[in-house]
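# Structural overview
This is what each chain is made of:
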Amino acid sequence: MAAIHVNLLTLFYFLALLFSSSHGQLSTNFYATTCPNLPTIVRGAMTQALNSDSRIAASFLRLFFHDCFVNGCDASILLDDTTTFTGEKNAGPNAGTARGYEVIDTIKSQVEASCSGVVSCADILALATRDGVVLQGGQSWTVPLGRRDARTASQSAANSMLPDPASSLSALISSFSAKGFNAAEMTVLSGSHTIGQAGCENFRDRIYNQQNIDPAFATTRRATCPSTSGSGDRNLAPLDVQTPIRFENTYFQNLVAQRGLLNSDQVLFNNGSQDALVRTYSQNNARFLADFAAAMVKMGNLSPAAGTVTEVRRNCRRTN
């Protein structure tokens, strides 16, 4: 009987470790002893990925944002749908446009080979996002680690919590405020659009119907984005027309020149409350990069609700 009692206690302890609630206290040296090669593995994989796909840094930024804004930074966006489970990958803001999952798979495989069952997919996404920004010219930041992975996801939350490309300034401020960010932090995080691309369906109305747009810029974008809905919807254009694969303040310079691609971009500089900050960032790259790095640390601290059951996935696409 005593042996059975000990075995049950051991089993209970194991399950408690496997399925813990939410995130614990994040730490910059969380894996210092359990997976010391983690930073090197992630940086090497991201360097290789960027060499073959210059868009991947922007794709990871979008994945990270879309993950953290929906019930915290828990890698829920990485879960595949199954016959009994509908996740976030096919929510409106993600379906057909969120990308980079295969690179996550590659990094996770390399990490598992080095330290199996230790590093969460959520932490891998956070590190890879930072490295992508740095490799394209952005300022580095220290990533607190110790996140855990969700065992579920919410398509309805992804559909309702993520800002729309047509959002007004007030809608953006409200959306970010709900996650604990002020208007200035919302504006600097929008600077992530200094890299990446968007599909025609997301900027068609802006280039054909809005007045606060540089005419030459509108003409250029119309060349690959037909006015008819359903025609060329996925044709891509750079969010930053000047340096689409360089992380710097040219995004804000574009806004001052009325060359914001999305409505949710240009509303940041349209005789509103964020005009002065946009102009500051357009003239001060160092200020933008420093403020962006600080806001990304705050973004990475968004945690699942208390009591949420989490784990460290061995495969980022499915629960254990």
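Residues numbered from 1 in each chain as written. Predicted model: local features only at pLDDT ≥ 70, side-chain atom pairs only at ≥ 80, totals over all residues. Heavy atoms only, no water.

For the protein, an unreviewed UniProt entry supplies the name Peroxidase and the organism Papaver nudicaule. Looking at the Subcellular location (unreviewed entry) heading of the UniProt record, one finds this comment for the protein: "Secreted". Listed under Function (unreviewed entry) in UniProt, the entry text for the protein is "Removal of H(2)O(2), oxidation of toxic reductants, biosynthesis and degradation of lignin, suberization, auxin catabolism, response to environmental stresses such as wounding, pathogen attack and oxidative stress." (UniProt positions renumbered as here; feature names shortened; annotations may be inferred.)

Within this numbering scheme, the UniProt entry marks P163 as carrying the feature "binding site: substrate" (unreviewed entry). Take P163: it is sitting in the loop between α6 (155-161) and α7 (169-177). Taking relative accessible area as the criterion, P163 reaches 22% and is therefore assigned partly exposed. Leave out the neighbours within four places in its chain, and P163 touches F65, F69, L172, S175 and F176. (Helix = DSSP H or I, 4+ residues; strand = E, 2+ residues; numbered from the N terminus. Buried < 20%, exposed > 50% of the residue type's maximum accessible area, 1.4 Å probe, protein only. Contact = heavy atoms within 4.5 Å.)

Moving on: the state of the cysteines. One way to say it: the disulfide is the covalent bond shared by the sulfur atoms of two cysteines. For the structure on display, the rule yields four disulfides. Of note for the protein: the bonded cysteines, numbered N- to C-terminal, pair according to 1-4, 2-3, 5-8, 6-7. (Disulfide = S-S within 2.5 Å.)

Look at the UniProt record and you will see "site: Transition state stabilizer" (unreviewed entry) annotated at R62. Examined against the element boundaries, R62 turns out to sit in helix α3 (residues 56-68). Apart from residues lying up to four places away in sequence, R62 is in contact with P93, T97 and A98.

Moving on, we come to the environment of Q210. Within the secondary structure, Q210 is located in the loop between α9 (204-209) and α10 (215-222). A relative accessible area of 18% means that Q210 is categorised as buried. A sequence separation of 53 residues divides Q210 from N263, and the C-alpha atoms of the two residues are 8.9 Å apart. Side-chain polar atoms of Q210 contact the side chain of R206, separated by 3.0 Å. Separated by 3.0 Å, the side chains of Q210 and N263 make a polar contact. (Polar contact = N/O pair within 3.5 Å; in protein donor to acceptor, adjacent residues only side chain to side chain.)

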